[in-house]
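# Overview (structure and organization)
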Amino acid sequence: MYDILFAPFEDYIGGLSNITVVPDQSAQEIPLGILARPAPSMDPKLGAGYGDFRFLGLTHALRLVPSPRTFVQLRTAPPGVEGRDGFVGFGDPVLEGESGGSRNNVTRAAINNSTGLADPTVVKKAFERLPVTAKEVNEMAKIAPPEERQILLQGQATEAAAKDVDYQGTGVIAFSTHAIVSGAFDNLNEPALILTPPAEATERDDGLLTVSEIAQLDLNAEIVVLAACNTASASGRPGAPGLSGLASGFFRAGAQSLVVSHWTILSQTPFLLMPRFLTLAAGDTNVSPAEALRISMVEVANDDRLANLSHPALWGAFSLVGAR
């Protein structure tokens, strides 16, 4: 795929350190950073040990944008206000699904056809608990002063809390949980994040934070980390472009940059990548979010403390979406 998408422009992009891409068709389905080409003259670390190959996401800081219009809007938007040192993180929602299990036919009827609300009992049993995400959130929160951290885990990680939090002064927001695409349940017409289901579903809280509800949040965060599976997916509407789902909702809410995933991620992946990424991107390093993600991926891909970290499935699942 590299030969199709990027090889024709190699003479131009070879001298660049940053590339902005508006993905379309099959390019929406994978993180472009895992595309590789022979480049033996470049630093071997940029190939993660795969011979003479070098990965695009390790050699260049990549930014994705949903459309040219979005690119212009993000580039011309006024910079965020000073003093956004806060962190808000959601993780480890209370769920009771079997580990490694699959959703059966019963869970297809999770959405009430007349009210459009999810059945909290069905949602709770459809997804397994993710206890490692509590550690992820706590590690990511270290980029903010202790008094500026809002960490909402387990019973506090609810849809109602996500709607009630005061995000002003918050520079980084993280959701470490499950995500689902449109159609995952019957009558579910938009993607959603899974949070702790309530005892009884209401308009304010049924356990699913959907794209349309995300768009109503009042954000001005520099970075939103969606450490969940398939958060780069499209909205589900026929012909909808990639990144039109959860990413679209957060941009409409006021986020400046997003970190999204393109497939089912392994639980250790965000724990390995995100704390270092945020230290670089949200700290006092003057490193752009796209470059921060590139550096973090290079470090993880060449880390020999754990087996198989060089495989792109571990370090390459995430992409940076935004124009800055």
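Residues numbered from 1 in each chain as written. Predicted model: local features only at pLDDT ≥ 70, side-chain atom pairs only at ≥ 80, totals over all residues. Heavy atoms only, no water.

Of the regular secondary structure elements, the chain holds twelve helices and 13 strands. Here the chain holds 324 residues, and 52% of them are scored as buried. Partitioning the contacts of the chain with sequence separation of at least 6, the portion at a separation of at least 24 is 74%. (Helix = DSSP H or I, 4+ residues; strand = E, 2+ residues; numbered from the N terminus. Buried < 20%, exposed > 50% of the residue type's maximum accessible area, 1.4 Å probe, protein only. Contact = heavy atoms within 4.5 Å.)

A few words now on the packing of aromatic side chains. Tallied over the full model, the rule gives six aromatic pairs. Their ring planes at 90 degrees and their centres at 5.8 Å tell us that Tyr50 and Phe55 sit as a pair that is edge-to-face. Overall, the relative accessible area of 6% leaves Phe55 in the buried class. Taken together, the ring pairs in this structure connect Tyr50, Phe55 and Trp315 into an aromatic cluster. (Phe/Tyr/Trp six-rings, centres within 6.5 Å; stacked < 30°, edge-to-face > 60°.)

Moving on, we get to the pattern of salt bridges. Considering all chains together, one arrives at nine salt bridges under this definition. For the salt bridge of Glu139 with Lys142, the shortest nitrogen-to-oxygen distance reads 3.0 Å. The class of Glu139 is partly exposed, set by a relative accessible area of 24%. Residue Lys142 is classed as exposed on the basis of its relative accessible area of 52%. Arg276 serves as the salt-bridge partner of Glu299, at 2.9 Å between the closest nitrogen and oxygen. In this pair, Glu299 sits in helix 11 (residues 289-301) while Arg276 sits in helix 10 (residues 268-281), placing the two residues 23 residues apart along the sequence. The exposure class of Glu299 is partly exposed, given its relative accessible area of 35%. Salt bridges here are not isolated pairs; linked through shared partners, they connect Glu159, Lys163 and Glu213. (Salt bridge = Lys/Arg side-chain N within 4 Å of Asp/Glu carboxyl O.)

What follows is about the confidence of the model for the chain. In low-pLDDT segments, the atomic positions of the prediction should not be examined closely. Across the chain, pLDDT averages 86, with 88% of residues at or above 70. Within the chain, the lowest mean pLDDT, 76, falls on helix 4 (residues 68-76), and the highest, 98, falls on helix 7 (residues 159-164). (pLDDT = per-residue confidence, 0-100.)

What follows concerns the sheet that holds strand 9 (residues 192-194). Read from one edge to the other, the open sheet built from three strands follows the order 8-9-10, with strand pairing classed as antiparallel. Where the open sheet ends on each side, the last strands, each with one partner, are strand 8 (179-180) and strand 10 (208-210). Where strand 9 lies against strand 10, three bridges are found, and the strand directions are antiparallel. Paired with Leu193 across the two strands is Leu209, which belongs to strand 10. (Pairing = 2+ DSSP bridges.)

This part takes up helix 10. Compared with the 20 Å implied by 1.5 Å per residue over 14 residues, the 20 Å span of helix 10 between its first and last C-alpha is a close match. Taking the largest bend as the criterion, helix 10 deviates by roughly 30 degrees, centred on Met274, and proline Pro275 comes between one and four positions later. Where helix 10 is concerned, the buried positions are Thr269, Pro270, Leu273, Met274, Pro275, Phe277, Leu278, Leu280 and Ala281. (Expected span 1.5 Å × (residues − 1). Bend = angle between axes of the 7 residues up to and from the residue.)

Moving on, we get to the pairing of strand 4 (residues 61-64). Here strand 4 shows a buried face lined by Ala61 and Arg63 and a second buried face lined by Leu62 and Leu64. Bridge count for strand 1 (residues 18-21) against strand 4 is four bridges, and the pairing is parallel. In the strand pairing of strand 4, Asn18 is matched with Ala61.

You can see Phe87 is positioned in strand 5 (residues 86-93). On a C-alpha basis, the gap between Phe87 and Pro146 in space is 9.3 Å, while along the polypeptide they are 59 residues apart. Those residues within four positions of Phe87 in sequence are excluded, and the remaining contacts are Val137, Met140, Ala141, Ile143, Ala144, Glu148, Arg149, Gln150, Thr170, Val172 and Ala174.

In this section: the nonpolar core. Across soluble globular proteins, nonpolar side chains show a tendency to be buried alongside one another. Residues Phe90, Tyr167, Phe175, Leu193, Phe250 and Leu258 are the most contacted members of the largest nonpolar core, which totals 42 residues. Top contributing element to this core by residue count: helix 9 (residues 246-253), with five residues. Leaving out residues up to four positions away in the same chain, Phe175 has contacts with Phe90, Leu193, Leu195, Leu209, Val225, Leu226, Ala227, Ala228 and Phe250. (Core = buried A, V, L, I, M, F, W, Y, C linked by side-chain atoms within 4.5 Å.)

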